[in-house]
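Letter by letter, the chains look like this.
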Amino acid sequence: MSSAHVTRTSWTPLGVLATAQFLVVLSTSIVNVALPEIRSGLGLSAAGLAWVINAYVLVFGALLLLGGRSGDVYGLRRVFLVGTGLFALSSLGAAIAPDAVTLIAARAAQGVGAALLAPTALALVLTLYQGADRGTALGVWGAVSGAGGAAGVLLGGLLTGLYGWRSVFFVMVPVALAVLAATRLMVQPSPPRGGRLDLPGAVTVTGGLVALTYGLSGRWPFVIAGLVLLGMFVLLQRRSQDPLLPSRMRIVARANVLMALLGAVWLGLFYYLPLYQQRELGYTPLEAGVAQLPLALMITLASWATPRLHGRAVLPSGLALLAAGLAWLARTPADGTFLVDLLGPSLLIGAGLGVAFVRLTSVASAGVPAADSGLAGGLLNATRQIGGAVGLAFLTLLPSSGAAFLACAVITLLLLGKATRS
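Residues numbered from 1 in each chain as written. Predicted model: local features only at pLDDT ≥ 70, side-chain atom pairs only at ≥ 80, totals over all residues. Heavy atoms only, no water.

A. Seen up close, the overall build of the protein. Helix and strand counts for the protein come out as 17 helices and zero strands. A burial count over the protein gives 59% of its 422 residues as buried. Residue pairs at least 24 apart in sequence account for 85% of intrachain contacts in the protein once pairs closer than 6 positions are excluded. Here the protein displays about 15900 Å² of accessible surface, and carbon together with sulfur accounts for 69% of that area. (Helix = DSSP H or I, 4+ residues; strand = E, 2+ residues; numbered from the N terminus. Buried < 20%, exposed > 50% of the residue type's maximum accessible area, 1.4 Å probe, protein only. Contact = heavy atoms within 4.5 Å. Areas by Shrake-Rupley, 256 points an atom, 1.4 Å probe, with all protein chains shown as cover.)

See below:
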């Protein structure tokens, strides 16, 4: 047992930390169903609407390495509590935002809070649970990470239909405050490891990713600026005595590349699916949310079962199911029905996502020393979020939801090829 140890029951802290992870994933997907109402209420353009999602996802992903490293340097629980508090405040700011600029700024602040709490939450799980217990804990973590996307659409549809789009932000405030209080009771403080934060590295990687993603919407000078800043980041990492991304983390590089591709598929799916259901199938926000329930249940079931499966074929099999489900979804007609056209692909996609999230999380955390647990958690979350942000920026250039689903299927096949060769 590490210095951050369980003070009550062995599984209660996992419930608290998994709730925090659920909140982080929820804050992306719960907004998706509300996007049409946000657009009409605040007068956003189509490009501006995407930034309601990307302002959160991109800041979150770009700062995750710094957030994870901060946990190693200053103490995991301390940084987790700071991030959770900031997340609660910024969620309140988004809920009362009077205009689009304030809303997008609040979403960016949410991303900062999430970048502090998400990697430290995973690091606390990795230090609290060892051996077979760690496999069980990661199964729960994968279920939460995958199901949070679909459950967010369900809850978002319910809240938007009953109380309007501001309620999707209000609901996160009491949950974050509850997590804050429970963490102080359930987990002891962990001593800081010491060292320094690589602030130049954080500035260049954050600026580079923001510029690159913004430029993918057709502003090509920003693409060039983003690539230059990311090149500077690589040079700084080679010269820094305490780099944000040390070379010893190369042992999990392949798993994190795969997680980046999966993040692009995950965010693209949960961005376009509720829009497709409302715009083309004529669903209400509540109907779109309820239609996600089989997907959420299948993700949860697959995530629970995956730690009990063994063999090299588990991950490729899950990715094959995911690709098949996405390709099927891409063929759904404009007058499609739930039972005939949506239920089947939803079940395949849910099974594939559940398997992939759990297996890649396990692979990416294997062999990482305890001193780097915060960094490993930050890296894993960062690759998923950055992959999602860059992928969404690309997918918004496509002409239709069907084209976006087909592109996600192609990305999954690329992921499958890489996973098969690893």
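On we go from here.
B. How the structure looks around the packing of aromatic side chains. Following the criterion strictly, the structure yields five aromatic pairs and no others. With 5.6 Å between their ring centres and 40° between their planes, Tyr56 and Phe60 make a pair best called tilted. Note that Tyr56 and Phe60 are positioned in helix 3 (residues 46-74) at a spacing of four residues, about one turn of the helix. Judged by its relative accessible area of 0%, Phe60 is buried. Between Tyr276 and Phe405 the ring centres are 6.0 Å apart and the planes differ by 85°, which places this aromatic pair in the edge-to-face class. With a gap of 129 residues between them, Tyr276 in helix 11 (residues 253-279) and Phe405 in helix 17 (residues 401-421) connect regions that are remote in the sequence. Exposure remark for Tyr276: the relative accessible area of 3% places this residue in the buried category. (Phe/Tyr/Trp six-rings, centres within 6.5 Å; stacked < 30°, edge-to-face > 60°.)

C. Spotlight on the environment of Ala356. Examined against the element boundaries, Ala356 turns out to sit in helix 15 (residues 338-365). Judged by its relative accessible area of 0%, Ala356 falls in the buried class. The contact partners of Ala356, leaving out residues within four places of it in the chain, are Leu262, Leu315 and Leu319.

D. Summary view of the packing of helix 14 (residues 314-330) against helix 17. Direction vectors running N to C along helix 14 and helix 17 enclose 165°, while the axes themselves pass 8 Å from each other. The angle between the axes of helix 14 and helix 17 places the two elements in the roughly antiparallel class. The hand of the helix 14/helix 17 crossing is left-handed. Here helix 14 contributes Leu315, Pro316, Leu319, Ala320, Leu322, Ala323, Leu326, Ala327, Leu329 and Ala330 to the contact with helix 17, which in turn contributes Gly402, Phe405, Leu406, Cys408, Ala409, Thr412, Leu413, Leu415, Leu416, Ala419 and Thr420. (Axes fitted to C-alpha atoms, helices over the stretch in contact; angles between N-to-C directions. Parallel < 35°, antiparallel > 145°, perpendicular 65-115°, else oblique. Left-handed = near helix turned anticlockwise from the far one by under 90°.)

E. Just the packing of helix 1 (residues 12-29) against helix 8 (residues 172-186), in detail. One can describe the packing of helix 1 onto helix 8 by two numbers: an axis separation of 10 Å at closest approach and a directional angle of 155°. Classified by the angle their axes make, helix 1 and helix 8 are roughly antiparallel. Note on packing geometry: the crossing formed by helix 1 with helix 8 is left-handed. Across the interface between the two elements, Thr12, Pro13, Val16, Thr19, Ala20, Leu23 and Ser27 of helix 1 pack against Met172, Val175, Ala176, Val179, Ala182, Thr183 and Met186 of helix 8. Residues of the contact of helix 1 with helix 8, tallied by class, amount to ten nonpolar, four polar and no charged. (Nonpolar A, V, L, I, M, F, W, Y, C, P; charged D, E, K, R; others polar.)

F. Layout of the side chain of Arg77. Locating Arg77 in the fold gives a position in helix 4 (residues 76-95). The class for Arg77 is buried, based on a relative accessible area of 12%. Residues in contact with Arg77, not counting those within four places in the same chain, are Leu124, Thr183, Arg184, Val187, Gln188, Pro189 and Ser190.

G. View of the nonpolar core. Ranked by internal contacts, the top residues of the largest apolar core, which has 125 residues, are Ile38, Leu103, Phe169, Leu262, Leu269 and Leu353. Broken down by element, the residue count for this core peaks at 16 residues, all from helix 11. Filtering out sequence-adjacent residues up to four positions away, Leu262 remains in contact with Leu322, Leu353, Ala356, Phe357, Leu360 and Leu415. (Core = buried A, V, L, I, M, F, W, Y, C linked by side-chain atoms within 4.5 Å.)

H. Molecular detail of a nonpolar patch on the surface. A cluster of nonpolar side chains, contributed by Leu158, Leu162, Tyr163, Leu286 and Val290, occupies part of the molecular surface with about 500 Å² of accessible area. The set of elements that each furnish at least two residues to the nonpolar patch consists of helix 6 (131-163) and helix 12 (285-290). Ranked by the residues each element gives to the nonpolar patch, the list is headed by helix 6, at three residues. Topologically, Leu158 is positioned in helix 6. (Patch = residues over 30% accessible without salt bridge, like charges linked within 9 Å, V, L, I, M, F, W, Y side chains within 5 Å. Salt bridge = Lys/Arg side-chain N within 4 Å of Asp/Glu carboxyl O.)

I. Representation of helix 13 (residues 293-305) in the model. Here helix 13 is 13 residues long and its end C-alpha atoms lie 18 Å apart, about the 18 Å a rise of 1.5 Å per residue gives. Looking at helix 13, one finds that the buried residues are Pro294, Leu295, Ala296, Ile299, Ala302 and Ser303. (Expected span 1.5 Å × (residues − 1).)

That's the geometry; what it means functionally is another story.
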